[in-house]
Amino acid sequence: MNVGLIAHNSKKKLMQDLCIAYKSILARNQLYATSTTGRLVEDVTNLHIHKFLPGDLGGTQQMAAQISNNEMDIVIFLRDPDHNSSHEPNVNDIVKLCDLYNIPIATNLATAELLILALGNGELEWRES
């Protein structure tokens with residue numbers, strides 16, 4: 001399955017910790033991330049991650065295109081709800097596309113863990129049909 005990973009700057013360490021904790025599940029899937037998030041996760045997990053451009057330089061749009069083409073099965077977008085910066089990815093655009101194309105998305109740690117566990121248990125195989 002194709003898993004998208006995006007994190008606001010203040011959540012990048014949390015994304016690293018999440019990917020360390022669930023490395024064995026994530027390793028069995030294709031991982032995609034915006035540039036900095038992907039590099040940081042690769043550094044601590046040694047997982048192979050296809051890296052898009054930085055979020056503010058088109059990476060968010062590249063992820064959005066994957067979603068629009070039904071080429072992403074789940075998205076984990078750890079966002080900081082108290083921080084709104086023009087140079088960070090816009091969560092609303094990604095959430096809207098995931099809703100439109102029926103792609104499960106997590107925007108916080110609790111939901112991210114549930115999605116990863118469901119992924120590991122094969123409960124998202126309906127995405128492959």
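In this report, the structure presented in the accompanying data block is examined. Every value quoted in this text rests on a predicted model; they were computed, and no experiment measured them.

Side note on the packing of aromatic side chains
In total, this model carries 1 aromatic pair according to the counting rule given. Note on Tyr 32 and Phe 52: the rings are 6.0 Å apart at their centroids and 20 degrees apart in plane angle, and the pair reads as stacked. Linking Tyr 32 in strand β2 (residues 30-33) with Phe 52 in the loop between β3 (49-51) and α4 (59-68), this pair joins segments that are 20 residues apart in sequence. Its relative accessible area of 17% is what places Tyr 32 among the buried residues. The exposure class of Phe 52 is buried, given its relative accessible area of 9%.

Quick look at the sheet that holds β2
If you walk across this open sheet you meet the 5 strands as β3-β2-β1-β4-β5, and the pairing is parallel. In this open sheet, the two edge strands, each paired with only one partner strand, are β3 and β5 (105-106). Sheet topology note: the strand β1 (residues 2-7)/strand β4 (residues 74-78) ladder contains 5 bridges and is parallel. Each residue of the ladder has a partner; that of Gly 4, found in β4, is Val 75. Helix α3 (residues 35-45) contacts β1, β2 and β3 of the sheet and is inclined by roughly 155 degrees relative to β3.

Analysis parameters
Residues numbered from 1 in each chain as written. Predicted model: local features only at pLDDT ≥ 70, side-chain atom pairs only at ≥ 80, totals over all residues. Heavy atoms only, no water. Phe/Tyr/Trp six-rings, centres within 6.5 Å; stacked < 30°, edge-to-face > 60°. Helix = DSSP H or I, 4+ residues; strand = E, 2+ residues; numbered from the N terminus. Buried < 20%, exposed > 50% of the residue type's maximum accessible area, 1.4 Å probe, protein only. Pairing = 2+ DSSP bridges. Contact = heavy atoms within 4.5 Å. Axes fitted to C-alpha atoms, helices over the stretch in contact; angles between N-to-C directions.

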